[in-house]
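Coordinate analysis (summary)
The residues making up each chain are set out below.
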Amino acid sequence: MNIAAWSIRNSVITWVVTIILAVVGAIAFDNLSRLEDPEFTIKEAVIITPYPGASAAEVEKEVTDVIETAAQEMGQLDRVESKSSRGLSIVKVVMKDKYDASGLPQVWDELRRKVNDNQRNLPPGAGPSIVNDDFGDVFGVFVALTGEGYTQPELYEFAKYVRRELLTVQDVKKITFYGVQQEVIYIEMLREKMSDLGVSPGEIYQALGSKNTSVSSGFVTIGPDRIALNPTGEFQSEQEFGDLLIRSRQSSSGSQVFLRDVAKIVRGFKEPSDNFLRYDGEPAVGLAISTASGGNVVEMGVALGKKIELIRPNIPLGIDMNPISLQYETVTQAIDGFLINLIEAVVIVVLVLLLFMGLRSGLVIGAVLVVTIMGTFIFMSMLNITLERISLGALIIALGMLVDNAIVVTDGMRIRINKGENALKAATAVVGQTAVPLLGATAIAITAFAAIGTNEDATGEYTRSLFTVILLSLSMSWVTAVTVTPLLCEYFLKQDKNSVGEEKDPYGGVFYTVYRGFLARCIKFRWITISVVLAVFASSMYGFGFLKNSFFPDSTRPQFYIDFWFPEGTEIKETLKQIEGIENKLREYEPVTHLTSQIGGGEIRFLLTYTPEYNYSSFARILVDIDDFNKMSELTDQLQSDLEAFVPEANINVRTFVNGPATGGKIQLRLLGPDRSELRRLANKALAEIESDPVAKAVRNEWRTKVKVLRPQFADSPASIAGVERTDVANSFKYSVEGVNAGVYREGDERPTFYVANRAHH
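So, here is what we can say about the structure in this document. It should be emphasised that the depicted structure is a prediction, and the values quoted were computed from it without experimental measurement. (Residues numbered from 1 in each chain as written. Predicted model: local features only at pLDDT ≥ 70, side-chain atom pairs only at ≥ 80, totals over all residues. Heavy atoms only, no water.)

What follows is about the overall build of the protein chain. In terms of helices and strands, the protein chain carries 25 helices and 22 strands. Relative to the globule expectation of 27 Å for 762 residues, the C-alpha radius of gyration of the protein chain, 35 Å, shows a markedly less compact shape. Projecting the C-alpha coordinates of the protein chain onto the three principal axes gives extents of approximately 130 × 75 × 55 Å. Across the 762 residues in the protein chain, those meeting the buried criterion constitute 42%. Long-range contacts, defined here as pairs at least 24 residues apart, represent 76% of the contacts in the protein chain between residues at least 6 apart. (Helix = DSSP H or I, 4+ residues; strand = E, 2+ residues; numbered from the N terminus. Rg over C-alpha atoms; globule rule 2.2 N^0.38 Å. Buried < 20%, exposed > 50% of the residue type's maximum accessible area, 1.4 Å probe, protein only. Contact = heavy atoms within 4.5 Å.)

Okay, here's the thing in structure tokens:
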């Protein structure tokens with residue numbers, strides 16, 4: 001007795017299993033995690049090492065080489081890339097594709113140990129190195145806080161309140177900010193008064209550095225209690241620093257003066273700033289929220305909406321929370337679209353089957369299709385497969401194949417029942433003849449996608465759910481075809497009354513007769529048939545060469561972004577000024593609805609397939625929202641041309657979002673060699689060659705252009721006589737242009753830094 005006969009004889013069990021598949025599958029579907037893109041590991045880490053005051057060449061030789069050597073000791077390493085700039089080393093470490101989410105944490109721990117062990121090989125003043133491997137977090141909710149008439153500190157304080165409230169929401173993992181201007185306290189030395197009172201800059205630095213430093217005062221035992229000693233004296237606001245007493249060592253009496261007598265104390269923002277955020281032309285603070293691993297971004301979005309409604313009475317009048325990216329809305333639209341496609345597919349299948357196989361056969365196969373899909377959801381839930389664009393696409397792809405097995409069994413049983421056989425005998429014969437061939441055909445269909453599922457690189461990991469879901473759904477379709485389908489056929493397929501008592505050939509109809517004749521002629525003139533097939537194959541291969549090649553299609557997201565690379569060395573405020581003019585230009589285009597400008601790099605990763613840029617003062621990115629995706633292609637082409645003419649000094653790249661891991665430029669060339677001059681010459685030659693192509697755009701090299709450097713000449717002999725060290729000269733220059741970091745103090749939950757600076761020269 002085969003499995004079909006068993007399912008009919010034990011119909012109660014089969015019915016129970018069928019109902020369980022349908023009901024539990026519906027529950028599993030409702031509880032599946034939902035994301036916009038499948039989770040995949042980013043196999044990159046960045047090691048950032050500061051080396052203040054060092055030139056780019058010194059950073060490369062003394063710091064970058066040390067960090068690269070440490071990373072190259074790892075057997076898991078694929079390659080190392082580095083960028084050495086004045087005062088900063090950035091080393092990007094890329095691991096081999098075979099390491100996934102389960103193995104990478106151990107790899108990053110080993111990398112940290114290697115880097116930490118090599119800190120002793122760094123020169124004095126360099127480091128410490130920071131290893132950042134946190135690139136997988138996707139901040140699916142990204143909003144800009146704006147408020148006309150509100151200052152940056154006021155927006156920041158409101159953002160901290162919102163973060164504190166929203167961190168308690170279900171599935172929220174982390175909340176971070178973007179575009180916050182760091183508040184600092186500037187101490188502006190009054191040189192004439194300092195000279196009159198005999199106070200030197202060093203004495204001010206020393207007094208500031210020792211104030212508000214947290215130092216343990218110990219504990220005292222009083223009776224049974226052990227009580228901590230915590231003396232007063234710390235300052236609570238920047239104005240209280242004016243009461244700081246400075247002892248003048250140049251004064252014979254050792255007199256003391258107040259800091260306010262020799263300096264002005266001003267609250268301001270750190271200059272230069274790291275980055276800026278603007279929304280529709282207004283300064284903004286970005287607030288980004290990530291989803292916990294395995295969390296449901298849709299449920300998180302709903303919970304966030306409810307929480308915001310609860311705190312809405314506490315939102316100051318005039319402050320707006322403007323959405324930049326809301327992943328849960330996109331996911332909800334995708335899920336709704338899939339459900340519509342699923343219903344349409346089932347209806348189409350049933351209608352087609354009704355047309356060719358009759359009402360009862362069509363309904364049987366349609367019911368089996370639904371049960372198969374519901375069963376697939378159960379196994380997706382067990383394997384923690386999320387509903388995202390790839391897994392949903394796999395289900396839609398599989399819909400056309402899920403009915404094949406059921407059609408074969410249903411049609412075979414229908415023909416035998418019409419001949420007068422009972423359902424049990426028909427099921428035993430049909431399933432006995434077709435079960436193994438159908439299993440083989442199912443296996444072939446599954447293995448067609450195996451190359452995607454077994455690929456170890458980022459593309460394979462991103463698309464792995466495609467293979468997994470097709471494996472589950474097609475396997476389930478075979479199981480339901482040999483179990484559920486025979487049972488439904490027994491209950492719903494009846495012998496055709498017109499065929500009772502007569503031997504009727506089921507393949508004697510007009511369609512089968514014509515097809516049999518056509519097939520016989522093809523076999524008779526086999527060489528002509530083979531020639532036609534070969535000709536069709538050859539023409540299809542020729543036509544394949546004219547197709548546009550892209551593994552992943554462009555996203556249908558009604559948003560794109562524009563990268564602006566201004567000349568290397570451009571000050572961030574100049575970049576900001578340029579972007580303000582570009583924003584005014586972009587508002588002239590009718591489809592544009594919103595503009596989000598990120599100046600200085602270091603953006604928030606609000607899509608897994610979106611790659612943020614490092615911090616560069618000469619870099620800016622504008623996210624452009626439009627009212628209709630169908631206008632995207634024409635608008636982006638027009639903007640590329642218009643903006644290149646509007647800002648000729650900038651390297652501009654108008655880019656659309658893609659489905660799949662981002663890979664940067666379409667053409668990437670890496671030149672290696674020991675001679676910098678020769679490398680730059682070859683790079684310029686390659687750039688000229690690529691730029692000669694009329695469709696090339698945004699061609700640039702990562703070295704960018706050389707930057708200007710002022711080299712004040714230090715006179716050793718006069719400096720030695722005067723007792724002046726090179727560090728004294730460096731601090732004097734830094735005091736005049738940026739300010740010298742003199743310490744921090746506690747102010748509520750913040751720790752503002754105070755700088756000794758000459759603000760008049762800023």
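The discussion continues.
With that settled, consider unusual backbone geometry. Despite not being glycine, D171 has its phi angle at roughly 70°, a positive value. Among the secondary structure elements, D171 is positioned in the loop between α5 (152–166) and β6 (172–178). Backbone geometry places D280, a non-glycine residue, at a positive phi of 50°. Mapped onto the fold, D280 is located in the loop between β13 (276–279) and β14 (282–283).

As a further point, take the nonpolar core. L287, I289, F377 and M380 are the most contacted members of the largest nonpolar core, which totals 94 residues. Filtering out sequence-adjacent residues up to four positions away, M380 remains in contact with L32, I385, T386, L387, S391, L395, V469 and L472. The next biggest cluster of nonpolar side chains, apart from the first, holds 26 residues, and it includes F564, I579, I582 and A650. (Core = buried A, V, L, I, M, F, W, Y, C linked by side-chain atoms within 4.5 Å.)

Glancing now at the pattern of salt bridges. By the definition in use, this model includes 22 salt bridges. Here R112 ties to D133 by a salt bridge, and the two come within 2.5 Å at their closest N and O atoms. Placement of the pair is R112 in helix α4 (residues 104–117) and D133 in the loop between β4 (130–132) and β5 (141–147), with a sequence separation of 21 residues. The closest approach of N and O atoms between E588 and K585, which form a salt bridge, is 3.9 Å. (Salt bridge = Lys/Arg side-chain N within 4 Å of Asp/Glu carboxyl O.)

The interhelical angle for the contact between helix α13 (residues 404–418) and helix α18 (residues 484–492), taken along N-to-C directions, is 35°, at an axis separation of 10 Å. When you trace α13 past α18, the crossing you get is right-handed. For the pair α13 and α18, contact is made by A406, V409, T410, M413 and I417 and by T485, P486 and C489, respectively. A class-by-class count of the residues in the contact of α13 with α18 yields six nonpolar, two polar and no charged. (Axes fitted to C-alpha atoms, helices over the stretch in contact; angles between N-to-C directions. Left-handed = near helix turned anticlockwise from the far one by under 90°. Nonpolar A, V, L, I, M, F, W, Y, C, P; charged D, E, K, R; others polar.)

The grouping of V12, V16, I19, I20, V23, V24 and I27 at the surface amounts to a nonpolar patch, some 610 Å² of accessible area in total. Position of V12 among the secondary structure elements: in helix α2 (residues 11–31). (Patch = residues over 30% accessible without salt bridge, like charges linked within 9 Å, V, L, I, M, F, W, Y side chains within 5 Å. Areas by Shrake-Rupley, 256 points an atom, 1.4 Å probe, with all protein chains shown as cover.)

This brings us to the environment of N296. With respect to the element layout, N296 can be found in the loop between β15 (285–291) and α9 (297–311). With 349 residues separating them along the chain, N296 and A645 place their C-alpha atoms 45 Å apart. With near-sequence residues (within four places) excluded, N296 lies in contact with L32, S33, R34, D171 and T291.

On the secondary structure map, T480 appears in helix α17 (residues 464–482). Among the residues examined, T480 registers a relative accessible area of 1% and is labelled buried. Of the polar contacts made by the side chain of T480, one reaches the side chain of T372; its length is 3.0 Å. Ignoring anything within four residues of it in the chain, the contact list for T480 reads V368, V371, T372, T485 and P486. (Polar contact = N/O pair within 3.5 Å; in protein donor to acceptor, adjacent residues only side chain to side chain.)

Negative charge collects at one region of the surface, where E148, D280, E282 and D320 lie side by side. Position of E282 relative to the elements: it lies in strand β14. (Lys, Arg positive; Asp, Glu negative; His and termini not counted. Charge placed at Lys NZ, Arg CZ, Asp CG, Glu CD.)

It is worth spelling out the sheet that holds β6 at this point. The strand order β6-β15-β5-β16 describes an open sheet built from four strands, whose pairing is antiparallel. With partners counted over all chains shown, the strands left at the sheet margins are β6 and β16 (319–326), one partner each. Neighbour-to-neighbour, the strand axes of the sheet open up by a mean angle of 20°, direction not taken into account. Bridge count for β6 against β15 is six bridges, and the pairing is antiparallel. Along β15, the bridge assignment pairs K174 with S290. (Pairing = 2+ DSSP bridges.)

Sheet architecture is open: four strands sit in the order β2-β3-β1-β4, paired in antiparallel fashion. The sheet is open, and its two borders are formed by β2 (77–85) and β4, each paired with just one other strand. Across the sheet, the mean angle separating the axes of adjacent strands is 20° when strand polarity is ignored. Bridge count between β2 and strand β3 (residues 88–95): eight bridges; the pairing is antiparallel. In the strand pairing of β3, V80 is matched with V93.

What follows concerns α9. Taking 1.5 Å as the rise per residue, α9 with 15 residues should run 21 Å; its terminal C-alpha atoms sit 21 Å apart, in good agreement. Along α9, the residues classified as buried are V297, V298, M300, G301, L304, I308 and I311. Each buried residue of α9 lies within a common arc of 155° when the element is viewed along its axis, so the set occupies one face. Exposed side of α9, more than 90 degrees from the buried face: K306 and L310 are the residues found there. (Expected span 1.5 Å × (residues − 1). Arc of directions from axis to C-beta.)

Mapping Q152 onto the fold places it in helix α5. Note on Q152: relative accessible area 14%, which makes it buried. There is a polar contact of 3.3 Å between the side chain of Q152 and the backbone nitrogen of Q181. Contacts of Q152, omitting those with residues within four sequence positions, involve G179, V180, Q181, F269, A284 and V285.

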